[in-house]
Amino acid sequence: MHLHILGIGGTFMGSLALLARELGITVSGSDANVYPPMSTQLEEAGIRLAEGYAAANLVPRPDLVVVGNALSRGNPEVEAVLDRGLPYVSGPQWLAEHVLAGRWVIAVAGTHGKTTTASLLAWLLESAGLMPGFLIGGVPRNFGVSARLGAHDAPFVVEADEYDTAFFDKRSKFVHYRPEIAILGNLEFDHADIFPDLAAIERQFHHLVRTVPGRGRLLVADGEPALGRVLEQGCWTPVVRFGSEAASPWRLELEREDASRFRVIHQEGQGEESVDEDAVVDWPLTGAYNARNALAALAAAHACGVDLARGCAALSRFESPRRRQELRGEVAGIQVIDDFAHHPTAIAATLEGLRAATARGRLLAVIEPRSNTMRLGTLRARLAASVGAADAAFWYQPPGLDWSLAPLLAESPVAAQLHEDLDALVDALVTEARPLDRIVVMSNGDFGGIHEKLLAALEAAHG
């Protein structure tokens, strides 16, 4: 069978390609912009890529076309698929039918932290010898790939995105997955290009809740009003809370300010069925939000039979996914860190976590607002305050952003600069940086290869 994937460079579609290849299917694909780490994975898997979209990419004729949700009518390859009558399907539907069917599925949903939580959970199951399958919207460094089938009788962890499915299916991706366990980590407004307001996203999350069977489990973060409203719409599955509230069966207590050490407390049931256990996590990650992600993963792994103490011990060997506080290099004591944060909440959480872990030196935030929500300017009023934990902010005005970032400079709680030229931004960072500084680059794209350019410029100036 020959499967052709439109939009293969995306983290989800590229991961589908890896799963299809593992199933023995011939895979090809096309995309307008493929960059690491997905491009590297696909090349290593021997998957043929076409740069750009064209009818010629459909020769030889594939048996089935999988259409990514970034593609729409008017795209030349989409039009060729329709005109030639080629069979086509969405990525989530293909995943559900060819990989998830018959598996014990654990879906990880939420506005933030899905990739890290899914990576944590896959690692906990792997450390317990369960050989899970997974599809994650990033590359977990403990595995080196973003997707694999795993053992046929093992749990399958899927990052459950609320973005729409395809141009012909406007439901959220996660309604296709039918999980036995769903983690609902948080919920706030995002994806302003497809959702008019938070209530619309809450409805989609409730659609996910409707698909979880009564024998399953919903692991729901406490202190999240939007998730409370989701459950108020109806719930037919046992709900287990996690977080920091005293009434939650799963909760954590920080033992270090930077959250690199915390205690997990699990208390559930009464009488003979009561559970009372705790364990300490001492691990390489920082930030209270990461500790909360770990708590969710521990609760889900425990539901799959993983002992709490064993799970906590495994976290000491966890490596954060690529592009999540990833150290890309160090020159003359200056670190360059890559992070996927692109929403004001995620930007603030990333910087606060790194600030708590920074004993010496400064934190320099470098931000490219390029997500669809940012391009629409929906959350721009929150951007300036999001860098409060940094010592200085360097904003990049990307091409295609229809509103100016200039007002952020006046509103900024820290020293701030704005650049429209990438090389000028790199020069400014090299001029500003000094030993012990940490430069945190945040974007949900490749940012014009700024990491490599910055490291090369630092080497030329300080090497």
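Because the structure is predicted, anything quoted here is derived from the model rather than measured.

**Concerning the side chain of His266**
With respect to the helices, strands and loops of the structure, His266 is situated in strand 16 (residues 261-268). With a relative accessible area of 2%, His266 lands in the buried category. Within the structure, the side chain of His266 is placed 3.5 Å from the side chain of Trp250, a separation counted as a polar contact. At a separation of 2.9 Å, a polar atom in the side chain of His266 contacts the side chain of Glu268. Ignoring sequence-local partners within four residues, the contact set of His266 consists of Pro249, Trp250, Val275, Asp276, Glu277, His302 and Leu308.

**Re unusual backbone geometry**
Along the chain, Val59 connects to Pro60 via a cis peptide bond; the corresponding omega equals 0°. Tracing the sequence through the fold places Pro60 in the loop between strand 3 (48-51) and strand 4 (64-67). Of note in the backbone geometry, Met131 takes a positive phi value of approximately 50° without being a glycine. The topology assignment puts Met131 in the loop between helix 5 (114-127) and strand 7 (133-135).

**Brief notes about the pattern of salt bridges**
Across all of its chains, the model carries 19 salt bridges by this definition. Linking Glu79 and Arg73 is a salt bridge whose minimum nitrogen-to-oxygen distance equals 2.7 Å. Residue Asp161 is joined to Lys173 by a salt bridge in which the shortest nitrogen-to-oxygen separation is 3.5 Å. With Asp161 in the loop between strand 9 (156-159) and strand 10 (164-166) and Lys173 in the loop between strand 11 (169-172) and strand 12 (181-184), this residue pair connects regions lying twelve residues apart in the sequence. Beyond isolated ion pairs, a larger network of salt bridges with shared partners links Glu255, Arg256, Arg261, Arg263, Asp278 and Asp282.

**Focus: the packing of helix 1 (residues 11-22) against helix 4 (residues 91-100)**
Viewed as axis vectors pointing N to C, helix 1 and helix 4 meet at an angle of 25°, and their least axial separation amounts to 11 Å. Classified by the angle between their axes, helix 1 and helix 4 sit roughly parallel to one another. Our pair here, helix 1 against helix 4, has a crossing hand that is left-handed. Side by side, helix 1 and helix 4 meet where Phe12, Met13, Leu16, Leu19 and Ala20 of the first sit next to Gly91, Pro92, Trp94, Leu95 and Val99 of the second.

**Overview of the sheet that holds strand 4**
Across the sheet, which stays open at both edges, the five strands sit in the order 3-2-1-4-5 with parallel pairing between neighbours. Of all the strands in the sheet, the pair left with one neighbour each is strand 3 and strand 5 (88-90). On average, adjacent strands in this sheet sit at an angle of 25° to one another, irrespective of strand direction. Sheet topology note: the strand 2 (residues 26-31)/strand 3 ladder contains four bridges and is parallel.

**Comments concerning the pairing of strand 15 (residues 250-254)**
Two elements, strand 14 (residues 239-243) and strand 15, share two bridges in a ladder whose sense is parallel. The residue of strand 15 that forms the bridge with Gly243 is Arg251. One ladder, built from five bridges, connects strand 15 with strand 16; its direction is antiparallel. By the bridge assignment, Glu253 is partnered in strand 16 with Arg263. Hairpin remark: strand 15 followed by strand 16, antiparallel, with six residues in the connecting loop; positive phi at Ala259, about 70°.

**Concerning the UniProt feature "binding site: ATP" (unreviewed entry) in the chain**
In the numbering used here, UniProt assigns the "binding site: ATP" (unreviewed entry) feature to Gly110, Thr111, His112, Gly113, Lys114, Thr115 and Thr116. If you trace the backbone, Thr111 turns up in the loop between strand 6 (105-109) and helix 5. Tracing the chain through its elements places His112 in the loop between strand 6 and helix 5. The contacts of His112, once residues within four sequence positions are left out, are Asn186, Glu188, His343, Thr345 and Ala346.

Definitions and limits used
- Residues numbered from 1 in each chain as written.
- Predicted model: local features only at pLDDT ≥ 70, side-chain atom pairs only at ≥ 80, totals over all residues.
- Heavy atoms only, no water.
- Helix = DSSP H or I, 4+ residues; strand = E, 2+ residues; numbered from the N terminus.
- Buried < 20%, exposed > 50% of the residue type's maximum accessible area, 1.4 Å probe, protein only.
- Polar contact = N/O pair within 3.5 Å; in protein donor to acceptor, adjacent residues only side chain to side chain.
- Contact = heavy atoms within 4.5 Å.
- Salt bridge = Lys/Arg side-chain N within 4 Å of Asp/Glu carboxyl O.
- Axes fitted to C-alpha atoms, helices over the stretch in contact; angles between N-to-C directions.
- Parallel < 35°, antiparallel > 145°, perpendicular 65-115°, else oblique.
- Left-handed = near helix turned anticlockwise from the far one by under 90°.
- Pairing = 2+ DSSP bridges.
- UniProt positions renumbered as here; feature names shortened; annotations may be inferred.

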